[in-house]
Amino acid sequence: MRRVLYAAVLVVALLAPAAPARAADSDITFVGRWNTTNASAYVPYWAGAYLRVGFTGTTVKLRQRNTVTLWASIDGRPYTAFTGSGTINLTPAPLAAGNHTLIVSYRQVAGSYTGDAVFQGLTLDAGATTFRAPARPRLIEFIGDSITAGTTSSQLAVTGYGFKTGEQLGYHHTQIAIGGMCLSETADGCWAHETRYWMSSGGQAGTDLWDFSRYPADGVVINLGTNDKSHGVSGATFQTRYIAFLAKVRARFPAAKIFAMRTLIGRYAAETQAAVQARHAAGDAQVFYVDTTGWLPADGLSDSVHPNDKGHQAIADRLVPVIRAKVPA
């Protein structure tokens, strides 16, 4: 199996505090856009960023700065929600002794939610250690709006189709998404990926540009256009800007397969397909239009736009074979 170094999948060491607390070490993998400038406190941006690590012993705790909501899964079990600050015990019922794998995803700081997603390390049993979790061979980046961020699903990003798709594939996955985002900048101020996708934080905590050399994506899935229509973007403008966006994404990820999804309610479907065809005409045959017609079950929406848990699962079930066919492990 080829070895791939992902900079979104950072393997880093944080400063170790006094015992018994254990800070993150080189065995912890950080996936997504993380601010790592402070060696003792890492901060995730956008939606769906997570950490993944193996550990021994019977308990594991997180050291957080202030109050935050997060979801944790141990040994592939369903994600459990935790809200707290300081030391958060993820194993109130101790585990069986042995090797375990942990994934932690933080609630995205966006909209009215102002939690403090600052990871400061792990605390394990006395004598327990961390180890690298089994490697994942690929990384898929999902670009979108509130739908991609998992808004209105039960566990937000964790129950979003992007997170689910990545987990079902066994690949690393990112969700570069915030509620309300458009593809296009508009006169009434819609946040737009054509200007903010390139930022570390999407503008939430500054305007620092993301260093795309930190990880190569093997696949990029774009689901945009649902909000542009509500902000008055014409079909011609949307198509032109989608073509430009695809070209810029290609420049960042020269080897990636790029998937342009038809929006789930069909907005700009023809323009999205035409943008893909324009990229083909420009010589880029590794961009694919994904027709999502009929993907959502009749009871798959929580409102007129946003999928519920059943809807997100249905999307993931349809998207997994599409990606696997083009981005095999």
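These remarks concern the structure in this document. (Residues numbered from 1 in each chain as written. Predicted model: local features only at pLDDT ≥ 70, side-chain atom pairs only at ≥ 80, totals over all residues. Heavy atoms only, no water.)

Moving on, we get to the nonpolar core. With 31 residues, the main nonpolar core has Y197, V220, I222, F245, V249 and F253 as its most contacted residues. Broken down by secondary-structure element, the contributors of at least two residues to this core are β12 (139–144), β14 (219–222), α4 (235–252), β15 (257–261) and α5 (269–281). If one sorts the elements of this core by residue count, α4 sits on top with 5 residues. Sequence-distant contacts of V220, defined by excluding residues within four places in its chain, comprise E141, I143, V249, F253, A256, K257, I258 and F259. Judged by nonpolar contacts, the second largest core, of 27 residues, contains A49, V53, L70 and L90. (Core = buried A, V, L, I, M, F, W, Y, C linked by side-chain atoms within 4.5 Å. Buried < 20%, exposed > 50% of the residue type's maximum accessible area, 1.4 Å probe, protein only. Helix = DSSP H or I, 4+ residues; strand = E, 2+ residues; numbered from the N terminus. Contact = heavy atoms within 4.5 Å.)

Now for the side chain of R136. Relative to the elements of secondary structure, R136 occurs in the loop between β11 (130–131) and β12. According to the relative accessible area criterion, R136 is buried, its value standing at 13%. Among the polar contacts listed, one links the side chain of R136 to the side chain of E167, at a separation of 2.9 Å. (Polar contact = N/O pair within 3.5 Å; in protein donor to acceptor, adjacent residues only side chain to side chain.)

Here, the word disulfide means a covalent bond between the sulfur atoms of two cysteines. A complete count under the given rule lists 1 disulfide for this structure. Linked covalently through their sulfurs, C182 and C190 form a disulfide whose S-S length is 2.0 Å. What sets the handedness of the C182 and C190 disulfide is the S-S torsion sign, and at about 100° it is right-handed. Taking the relative accessible area as the measure of exposure, C182 reaches 0% and is therefore buried. (Disulfide = S-S within 2.5 Å.)

Attention now goes to the pairing of β15. Across the 5 residues of β15, 4 count as buried, placing the element largely inside the fold. Across 4 bridges, the pairing between β14 and β15 is parallel. Bridge pairing links I222 to A260 in β15. At this point the chain moves from β14, through α4, to the parallel β15, and the crossover so formed is right-handed. One ladder, built from 4 bridges, connects β15 with strand β16 (residues 287–290); its direction is parallel. From the neighbouring strand, I258 faces β16, where its bridge partner is V287. (Pairing = 2+ DSSP bridges. Right-handed = clockwise from strand over helix to strand, strands pointing away.)

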